[in-house]
Amino acid sequence: MFNAYKPGLKFQLTRDYLTNRKNFRFVLKDTVRSYRINRKLTGMIKIYGRKSSSNVQVVMWCIAELGLDYQRLDAGIHYGVVNTASYLAINPNATVPTIIDGDYPPMWESAAINRYLSRTYPHETLWPDSPLQQAIVDQWAEWAKLNFGLNFSVPVFWQVVRTPRNKQNPEALAIALKKLHRQMSIADTQLGNNPFIAGNEFSIADLMFGHLLYRYYDIEIERPHFNNISRYYATLTNRPAYREHVMVSYDELRASD
Ligand SMILES: N[C@@H](CCC(=O)N[C@@H](CS)C(=O)NCC(=O)O)C(=O)O
């Protein structure tokens with residue numbers, strides 16, 4: 001399918017180059033953009049991954065903010081699929097999510113997928129144009145994945161929700177929460193000065209940070225009051241895409257005692 005688009009694109013680029021050499025870079029940018037929009041109008045993104053996976057949720061949230069057509073197929077834990085030979089051929093990690101966008105190669109790693117989607121499909125703010133703004137957004141996106149996500153998902157969420165009560169370790173949880181809250185105080189300060197985590201605009205950094213806040217506020221833990229994060233979280237819960245794809249039951253992950 002990709003080859004079916006290519007000759008037309010090449011022809012238009014050659015023609016534009018010959019007629020308007022000076023503005024070629026701008027023409028190229030516009031042509032690529034309309035090519036991408038054409039793909040959007042003709043294609044449907046396929047996502048493999050169960051609704052209860054936080055890494056699937058962050059991608060689904062992005063897709064919904066971009067207003068893209070999609071088909072999501074359950075995969076992972078008791079839905080299976082991820083260990084089949086055909087799935088391993090598209091994602092050797094046996095994890096979700098994996099996306100297939102038209103005739104492009106399969107993609108995995110939720111953050112990389114969201115960078116791809118927000119650079120490819122038009123949106124006013126998710127991925128800014130200037131390299132400086134991109135770096136700031138990316139800095140916070142990385143921070144959210146590493147400093148917040150890694151300190152939340154396994155040490156806190158798994159401990160509270162996915163570990164049977166008789167195997168839970170309250171001391172380890174207390175240490176993990178202390179570490180997590182030190183990180184969250186950084187986000188709280190940032191959100192005291194900015195409406196969104198990377199500044200004035202809603203960006204992929206908000207997807208990376210915000211998608212875990214639903215679970216953070218929903219599970220049974222002691223929470224200090226972070227004024228700015230809770231104000232910010234309230235604004236996220238007003239976004240239809242967040243409500244639909246992130247505020248999703250995680251009951252199927254609960255450990256049975
Ligand atoms: N770094 C990967 C992590 C992917 C990952 O570990 N996904 C989990 C779900 S959140 C998974 O596939 N678990 C196994 C399963 O659901 O079967 C990403 O961000 O996409």
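Residues numbered from 1 in each chain as written. Predicted model: local features only at pLDDT ≥ 70, side-chain atom pairs only at ≥ 80, totals over all residues.

Peer 1: How should the overall build of the protein be read in this particular structure?
Peer 2: Scanning the protein from N- to C-terminus turns up 11 helices and four strands. Taking all 257 residues of the protein together, the buried fraction comes to 29%. (Helix = DSSP H or I, 4+ residues; strand = E, 2+ residues; numbered from the N terminus. Buried ≥ 20, exposed ≤ 12 C-beta atoms within 10 Å, placed from the backbone.)

Peer 1: Please explain the environment of Val58 as it appears in this structure.
Peer 2: The topology assignment puts Val58 in helix α3 (residues 54-66). What makes Val58 buried here is the crowd of 26 C-beta atoms within 10 Å. C-alpha separation for the pair Val58 and Phe209, spaced 151 residues apart in sequence, amounts to 9.3 Å. In contact with Val58, not counting residues within four places along its chain, are Ser110, Asn114, Leu207, Met208 and His211. (Contact = placed C-beta atoms within 7 Å.)

Peer 1: What's the story with the site of the ligand in this structure? I'm lost.
Peer 2: Ser53, Ser54, Asn55, Gly76, Ile77, Val82, Thr95, Val96, Pro97, Glu109, Ser110 and Ala111 make up every residue found near the ligand. Going through the elements one at a time, α3 and α5 (110-120) are the ones with two or more residues in the shell around the ligand. A class-by-class count of the residues in the shell around the ligand yields five nonpolar, six polar and one charged. (Near = placed C-beta within 6 Å. Nonpolar A, V, L, I, M, F, W, Y, C, P; charged D, E, K, R; others polar.)

Peer 1: I keep staring at the packing of helix α7 (residues 170-193) against helix α10 (residues 227-237) and nothing clicks. Help me out?
Peer 2: For any two helices packed against each other, one specifies the crossing angle of their axes together with the interaxial distance. Viewed as axis vectors pointing N to C, α7 and α10 meet at an angle of 70°, and their least axial separation amounts to 7 Å. Comparing the axis directions of α7 and α10 gives the class roughly perpendicular. Contacts between α7 and α10 involve Met184, Ala187, Asp188, Leu191 and Gly192 on the former and, on the latter, Asn228, Ile229 and Tyr232. Residues belonging to the contact of α7 with α10 are distributed by class as follows: five nonpolar, two polar and one charged. (Axes fitted to C-alpha atoms, helices over the stretch in contact; angles between N-to-C directions. Parallel < 35°, antiparallel > 145°, perpendicular 65-115°, else oblique.)

Peer 1: What am I meant to see in helix α6 (residues 131-161) here?
Peer 2: Note that an α-helix has 3.6 residues per turn; residues three or four places apart therefore point the same way. Along α6, the sharpest kink reaches roughly 50°, centred on Gly149. Within the sequence span of α6, burial applies to Val137, Trp140, Ala141, Trp143, Ala144, Phe148, Gly149, Phe152, Val156 and Phe157. Buried residues along α6 sit in contact with α5, α7, α8 (204-210) and α9 (213-218). (Bend = angle between axes of the 7 residues up to and from the residue.)

Interpretation note: all reported values are geometric properties and have no functional meaning in isolation.
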